[in-house]
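A closer look at the structure
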Amino acid sequence: MRGSAKHTRMEVQLFPNRRCPGVGLKPRRESQRPLLPQHARHCPVLEAGSTLGFLVYPPLQPSEAFHVGYEGEGRYRFVYLMNPSGRKWKTVFAVSVALPVGSFGMFKEEVTFMPGMPTTSPDVAVELMGRFVVGEDLGTPAGAITLRGGWNFQTQAGWDTVYSPVFNAIERPVAPMLVVRVETDWYAHESEFRYVLQPGERLSVEHSMPIGQVFFVPREPVTLRDCSERELSTIRQSQERFSDEKALLKVTTPYGLPYSPHYLRKSRSQNAGGDQSAHEETSARERNPETSPAEQVPTESVRIPIVQTVPAPMTPAPQTAMTTRTVGRNEPCPCGSGKKYKKCHGQG
């Protein structure tokens, strides 16, 4: 089918986590990822990749958080924290899990309550850990830790749900994750995101921190075939025409970065009659290309679980061009690093 085919809006049903019903932020889309370089912020295909799917959050209250780490040789440690006053996080208890070596042995769980914190039975602490972590998946494969989402999905007939890491979140460190595809049109599967850690690594999870994302794909066969010579000629002509039209619509940002909004305009015309809010957001960005992502999308920044206690130092995002205007020594550097000009590109 060509671009003239009409697309119908797909509806996905949400149902809550049965262990913590109604707890946690609902899934949502976020068009920007943190620390993308300046040229990526004006690249429509990168932005479209970031909007693919919905971010999923853990079943946590704002005053709750937890750490879960892999210590090697089948040993895991879960730490539950609370911040009821909103000032300082306090560890309530910790659960150490030791898996049997090989196929034989006992599954050991040891609960430790912190001094000065309210205590309960060890069984309740283990049950609380099970609300956030799938205990049956520990160690399959070695270092695997599966996090539960706060909300689950029921798709339409013939559609599947894919559970994946957060796309275009490129800051380090990033924990590797196994991508899962589930037939959620008939199987009421609970959202689960399986990370695989190395010994000594851990995941830190909070209320507003997404643990992964989901997107939905049709379950249909796809056949690949080679283009005919006539079709190849048509494709080449289309590419040349697109390049010529793109070159005629060049815009330069205040930082001296050239880019073309032609793809955005063409995409908008191809999908005329779609979501009006997306149409207005795209139009506003075209009219004001120098607007920062923080001004375009007034939502809290997106993070993914941190897998090391001491993350690697961040470096300024590379820039393809610098502004030609005079910059004061104490003004912010035009490269977008957040540093003063004299301590960034103004050195020397």
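Notes on the structure in this doc start here. Note that this is a predicted model, so its numbers are computed, not measured. (Residues numbered from 1 in each chain as written. Predicted model: local features only at pLDDT ≥ 70, side-chain atom pairs only at ≥ 80, totals over all residues. Heavy atoms only, no water.)

1. Details of the overall build of the protein chain
Scanning the protein chain from terminus to terminus reveals 7 helices and 16 strands. A burial count over the protein chain gives 37% of its 348 residues as buried. (Helix = DSSP H or I, 4+ residues; strand = E, 2+ residues; numbered from the N terminus. Buried < 20%, exposed > 50% of the residue type's maximum accessible area, 1.4 Å probe, protein only.)

2. Some points on the sheet that holds strand β12 (residues 192-196)
Spatially, β7-β12-β10 is the arrangement adopted by the 3 strands of the open sheet, whose pairing is antiparallel. One side of each edge strand has no neighbouring strand; the edge strands of this open sheet are β7 (144-148) and β10 (177-178). With 2 bridges joining them, β10 and β12 adopt antiparallel strand pairing. Along β12, the bridge assignment pairs M177 with Y195. (Pairing = 2+ DSSP bridges.)

3. Focus: the nonpolar core
Nonpolar side chains tend to gather and get buried jointly when the protein is soluble and globular. Judged by nonpolar contacts, the single largest core of 35 residues is most densely connected at F66, F78, V133, I145 and L147. Broken down by secondary-structure element, the contributors of at least two residues to this core are β3 (64-72), β4 (75-82), β5 (90-98), α3 (122-132), β7, β12, β13 (202-206) and β14 (212-218). Look past the residues within four positions of I145 in its chain and what remains in contact with it is V68, G69, Y70, Y76, V133, L138, F193, R194, Y195, L197 and L203. (Core = buried A, V, L, I, M, F, W, Y, C linked by side-chain atoms within 4.5 Å. Contact = heavy atoms within 4.5 Å.)

4. Side note on the environment of R75
Along the chain, the position of R75 falls in strand β4. Residue contacts for R75: discarding those within four places in its chain leaves G69, Y70, V97 and A98.

5. Looking at helix α2 (residues 44-51)
Among all positions of α2, only P44, E47 and S50 are buried. With its buried residues spanning 115 degrees around the axis, α2 presents them on a single face. Following α2 by one or two positions, G53 adopts a phi angle in the positive range, close to 80 degrees. (Arc of directions from axis to C-beta.)

6. Let's talk about unusual backbone geometry
For the peptide bond that leads from T140 to P141, omega is 0 degrees, which places it in the cis range. Along the chain, the position of P141 falls in the loop between α3 and β7. Look at N168: it is not a glycine, yet its phi comes out positive at around 60 degrees. The residue N168 is located in the loop between β9 (159-164) and β10 in this model.

7. Details of the environment of C43
Mapped onto the elements of the fold, C43 is located in the loop between α1 (38-41) and α2. With 216 residues separating them in the primary sequence, C43 and Y259 have C-alpha atoms 8.0 Å apart.

8. Focus on the sheet that holds β3
Two orientations exist for strands paired in a sheet by backbone hydrogen bonds: parallel and antiparallel. Spatial ordering of the open sheet is given by β6-β5-β4-β3-β13, a layout of 5 strands whose pairing is antiparallel. Looking at strand neighbours, the two that pair on one side only are β6 (108-113) and β13, the edges of this open sheet. Averaged over all pairs of adjacent strands, the angle between their axes in this sheet comes to 15 degrees, without regard to strand direction. Relative to β4, β3 runs antiparallel, the two sharing 8 bridges. Residue pairing across strands places H67 opposite V79, the latter belonging to β4. Seen against the sheet, α3 touches β3, β4, β5 and β6 and runs at an angle of roughly 105 degrees to β6. (Axes fitted to C-alpha atoms, helices over the stretch in contact; angles between N-to-C directions.)

9. Some remarks on the pairing of β5
As paired elements, β4 and β5 share 8 bridges and run antiparallel to each other. Pairing of V79 across the sheet is with A94, part of β5. Summarising the sheet, β5 and β6 pair through 6 bridges and their orientation is antiparallel. Bridging across to β6, A98 finds its partner in K108.

10. Things to note about the packing of aromatic side chains
Inspection of every chain in the model, using the stated rule, returns 13 aromatic pairs. Consider the rings of Y80 and F93, whose centres lie 5.3 Å apart with planes at 25 degrees: the pair is stacked. A residue pair is termed long-range when its members are at least 10 positions apart, and Y80 in strand β4 and F93 in strand β5 qualify at 13 residues. Here Y80 falls in the buried class, since its relative accessible area comes to 5%. Between W186 and Y187, the aromatic rings sit 5.8 Å apart at their centres with planes inclined by 35 degrees, giving tilted as the arrangement. Residue classification places Y187 among the partly exposed residues on the basis of a relative accessible area of 41%. By way of ring pairs, the aromatic residues F66, F78, Y80, F93, F113 and F132 are connected into one cluster. Looking at K26, its charged tip hangs above the ring of W151, at a distance of 5.0 Å from the centre. (Phe/Tyr/Trp six-rings, centres within 6.5 Å; stacked < 30°, edge-to-face > 60°. Lys NZ or Arg CZ within 6 Å of the ring centre and 35° of its normal.)

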